[in-house]
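Working through the structure, step by step
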Amino acid sequence: MNHTLSAKRRRSALRTTAFMSPWLIGFAVFFAYPLLSTLYFSFTRYDGFRPPVLNGLDNWSYVFSDSPLFWPAMRNTLWLVVVMVSCRVLFGLGVGLLITKIKTGAGVFRTLFYLPYLAPPVAATLGFVFLLNPGTGPVNTWLEALGLPAPGWFTDPAWSKPALTALALWGIGDLMVIFMAALLDVPKEQYEAAELDGAGPWARFRHITLPNISPIILFAVVTGIIQAMQYYTQPLVAGKVAAGVIGGSGQQFEPGYPDKSTLTLPQLIYNVGFQRSDYGTACVLALVLFALSMAFTALLMRRRGGLIGTGD
């Protein structure tokens, strides 16, 4: 009897493993093996041509103690995670709320807000850099005409990250659509009952809207953090154009213009690994970026109940 049960369990386990095998193979090939290889190369001196040579913790010590670019890149990346993600979520929710309240012409406004999201990142960044050009851009011309200060935008370290945040807010169409779908799914009966109880607009928003759309807010924050941790194209293109480096493949460019203010960890990984052929140090940076992404996501998932206010 026991032998028969054991045989059935083995067959069931083999059948389950067979059904899971596509996922297991994909996990091993595209996640586990690259992660373990990155961990191994982080303890080696490797330029991609000669065999890797173990050098202990030299790469880790260099990154955290001696690298002149790591901490500026870390600060910029964390700034983008905190400020840009927060602004995108709040602005996307605000636009979604506004459009759901519009009675006429809602389709036109949806289209106008969504179209910028379809613009290719490089083209959108080029357009923003030229619009915000301190000398010839129309934005500063209008600001000066109104008697307002005209910032240097992508040529001023104090304004480069706010300018990138403005670019991110311009392409808010993806979050707008997600929040609109969530807002339209909130039961209208709850709003009607709250109005009968004398609840005002803010009370209805706090105790009905927010609790109902909290999973969508969490989704927007988590995906926004992951995107911010991978932020590469826009700051690189903006820095190149603002610095006047818009030539072909023969030009070498150190990312982060102006004054390392737009340097992010993904840019630094590419610069160290593929431009300087220091794959060991690049692997250390990649592991730091991976650990940060996992830490932010785990923290948000663990504290998701307190991410926003809930109804009483």
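For the structure, see preceding data.
All of the points below concern the structure found in this document. (Residues numbered from 1 in each chain as written. Predicted model: local features only at pLDDT ≥ 70, side-chain atom pairs only at ≥ 80, totals over all residues. Heavy atoms only, no water.)

**A look at the environment of T141**
Mapped onto the elements of the fold, T141 is located in helix α6 (residues 138-145). Look at T141 and you get partly exposed, because its relative accessible area is 43%. Remark: the alpha-carbon pair of T141 and Y46, spanning 95 residues in sequence, is separated by 50 Å. (Helix = DSSP H or I, 4+ residues; strand = E, 2+ residues; numbered from the N terminus. Buried < 20%, exposed > 50% of the residue type's maximum accessible area, 1.4 Å probe, protein only.)

**What to know about the layout of surface pockets**
Taken as a whole, the largest pocket encloses approximately 610 Å³ of empty space. Lining the largest pocket are 28 residues, with R88, Y117, G171, Q227 and Q234 sitting closest to its centre. If you list the elements that add at least two residues to the lining of the largest pocket, you get α3 (70-101), α5 (121-131), α7 (157-170), α8 (173-184), α10 (201-229) and α11 (233-243). Among the elements that take part in the lining of the largest pocket, α10 stands out by supplying 6 residues, more than any other. Of the residues assigned to the lining of the largest pocket, the class counts are 18 nonpolar, 8 polar and 2 charged. Considering only enclosed or pocket space, the second largest pocket measures out at about 480 Å³ in volume. For the lining of the second largest pocket, the elements supplying multiple residues, two or more each, are α3, α8, α9 (188-196) and α10. Taken together, the residues of the lining of the second largest pocket break down into 7 nonpolar, 2 polar and 6 charged. (1 Å grid on protein atoms, 1.4 Å probe; cavity = no way out; pocket = protein on both sides within 12 Å on 5 of 7 lines; lining within 4 Å. Points joined across faces, edges and corners; volume = space filled by probe spheres on them. Nonpolar A, V, L, I, M, F, W, Y, C, P; charged D, E, K, R; others polar.)

**Looking at the packing of aromatic side chains**
Summed over the entire model, instances satisfying the criterion amount to 18 aromatic pairs. Ring centres of F274 and Y279 lie 6.0 Å apart, and the angle between their planes is 90°; on these two criteria the pair is classed as edge-to-face. Cluster of aromatic residues (ring-pair linked, three or more members): Y40, F41, Y46, Y232, Y270, F274 and Y279. In this arrangement the basic side chain of K101 is found over the ring face of Y191, its NZ or CZ atom lying 6.0 Å from the centre. Sitting above the plane of the W79 ring, K161 keeps its charged end 5.8 Å from the centroid. (Phe/Tyr/Trp six-rings, centres within 6.5 Å; stacked < 30°, edge-to-face > 60°. Lys NZ or Arg CZ within 6 Å of the ring centre and 35° of its normal.)

**Comments concerning the nonpolar core**
By size, the foremost hydrophobic cluster in this structure holds 58 residues, and its most contacted members are F70, F154 and L268. Looking at this core, the element that brings in the most residues is α10, giving 12 residues. When residues no more than four places from it in sequence are discounted, the contact partners of F154 are F128, V129, L132, S160, A163, L164, A238, A242, Y257 and P258. In terms of nonpolar packing, the next biggest core, distinct from the first, is built from 5 residues, I99, A106, M176 and M180 among them. (Core = buried A, V, L, I, M, F, W, Y, C linked by side-chain atoms within 4.5 Å. Contact = heavy atoms within 4.5 Å.)

**Side note on a positive patch on the surface**
Taken together, the side chains of K8, R10, R11 and R15 define a basic patch exposed on the protein surface. Here R11 lies in helix α1 (residues 2-41). On the basis of relative accessible area, R11 is assigned to the partly exposed category, the value being 48%. (Patch = residues over 30% accessible without salt bridge, like charges linked within 9 Å, V, L, I, M, F, W, Y side chains within 5 Å. Areas by Shrake-Rupley, 256 points an atom, 1.4 Å probe, with all protein chains shown as cover. Salt bridge = Lys/Arg side-chain N within 4 Å of Asp/Glu carboxyl O. Lys, Arg positive; Asp, Glu negative; His and termini not counted. Charge placed at Lys NZ, Arg CZ, Asp CG, Glu CD.)

**Details of the packing of α8 against α10**
α10 packs onto α8 with a crossing angle of 150° between their chain directions and a minimal axis gap of 9 Å. The orientation of α8 with respect to α10, classified from their angle, is roughly antiparallel. At the point where α8 passes α10, the crossing takes the right-handed sense. Judged by residue contacts, L175, I178, F179, A182 and L183 of α8 engage T209, I213, I216, I217, F219 and A220 from α10. For the contact of α8 with α10, a count of residues per class yields 10 nonpolar, 1 polar and no charged. (Axes fitted to C-alpha atoms, helices over the stretch in contact; angles between N-to-C directions. Parallel < 35°, antiparallel > 145°, perpendicular 65-115°, else oblique. Left-handed = near helix turned anticlockwise from the far one by under 90°.)

**Quick notes on a nonpolar patch on the surface**
Taken together, the side chains of M20, W23, L24, F27, F31, F290 and M294 define a hydrophobic patch exposed on the protein surface, amounting to about 670 Å² of accessible area. At the level of secondary structure, the elements contributing two or more residues to the nonpolar patch comprise α1 and α13 (279-302). Here the element with the most residues in the nonpolar patch is α1; it accounts for 5 residues. Turning to its location among the elements, F27 is positioned in helix α1.

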